[in-house]
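# Notes for the structure review
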Amino acid sequence: MAEPSYEKGKGKGIEAESKPQKIRFTLTSTKLEVLESMTSKLVASAKKENLTVVGPVRHPTKILRITVRRSPCGNGTQTFDRFEMRIHKRVVNLICPAEYIKKVTDFTIEPGVEVELHFTDV
């Protein structure tokens with residue numbers, strides 16, 4: 001691995017320029033409209049900073065289904081209720097230095113949206 005370059009006169013431990021990193025944002029939600037608005041805010045703020053953006057990539061919707069019997073005692077006609085929950089997922093990749101993350105993610109995350117970050121060197 002290459003040694004990090006340091007600026008003169010600033011003391012040890014301060015890097016002159018950080019390497020670009022690949023940052024993967026994984027957004028998951030059960031509410032599609034909220035997820036789409038969060039994804040568009042993220043992409044718009046990244047493009048405003050002139051960063052390389054790949055995505056949003058739409059993953060298949062995961063549908064969780066459960067079927068339950070309506071009658072609590074088990075007697076009577078056999079009637080069932082069917083419930084389902086849909087989980088939507090979007091992935092956005094950014095290639096940028098680490099100090100731009102705070103500028104790009106400078107908005108509030110709405111309730112019901114989960115965000116995961118994965119960092120890798122380019």
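Residues numbered from 1 in each chain as written. Predicted model: local features only at pLDDT ≥ 70, side-chain atom pairs only at ≥ 80, totals over all residues. Heavy atoms only, no water.

Under an unreviewed UniProt entry, the chain has the name Small ribosomal subunit protein uS10 and belongs to Stentor coeruleus. In the Sequence similarities (unreviewed entry) part of its UniProt record, the chain is described as follows: "Belongs to the universal ribosomal protein uS10 family." (UniProt positions renumbered as here; feature names shortened; annotations may be inferred.)

## Focus on the pairing of strand E1 (residues 21-29)
For E1, the buried fraction is high: seven of the nine residues fall into the buried class. Sheet analysis places E1 next to strand E3 (residues 80-96), joined by nine bridges and oriented antiparallel. Each bridged residue has a counterpart across the sheet, and for Arg24 the counterpart in E3 is Asn93. (Buried < 20%, exposed > 50% of the residue type's maximum accessible area, 1.4 Å probe, protein only. Helix = DSSP H or I, 4+ residues; strand = E, 2+ residues; numbered from the N terminus. Pairing = 2+ DSSP bridges.)

## A short note on the nonpolar core
Counting 16 residues, the largest nonpolar core has Phe25, Leu27, Leu42, Val92, Leu94, Val104 and Val113 as the members making the most contacts within it. Within the residue set of this core, elements represented by two or more residues are E1, helix H1 (32-48), E3 and helix H2 (101-104). Per element, the largest residue contribution to this core is six residues, and it comes from H1. (Core = buried A, V, L, I, M, F, W, Y, C linked by side-chain atoms within 4.5 Å.)

## Details of the pattern of salt bridges
Scanning the entire structure with this criterion turns up six salt bridges. The salt bridge involving Glu36 is made with Arg90; its shortest N-O contact spans 2.7 Å. Linking Glu36 in helix H1 with Arg90 in strand E3, this pair joins segments that are 54 residues apart in sequence. We classify Glu36 as partly exposed; its relative accessible area is 25%. The salt bridge partner of Arg70 is Asp81, with a shortest N-O separation of 2.7 Å. Of this pair, Arg70 sits in the loop between strand E2 (52-69) and E3 while Asp81 is found in strand E3, placing the two residues eleven residues apart along the sequence. (Salt bridge = Lys/Arg side-chain N within 4 Å of Asp/Glu carboxyl O.)

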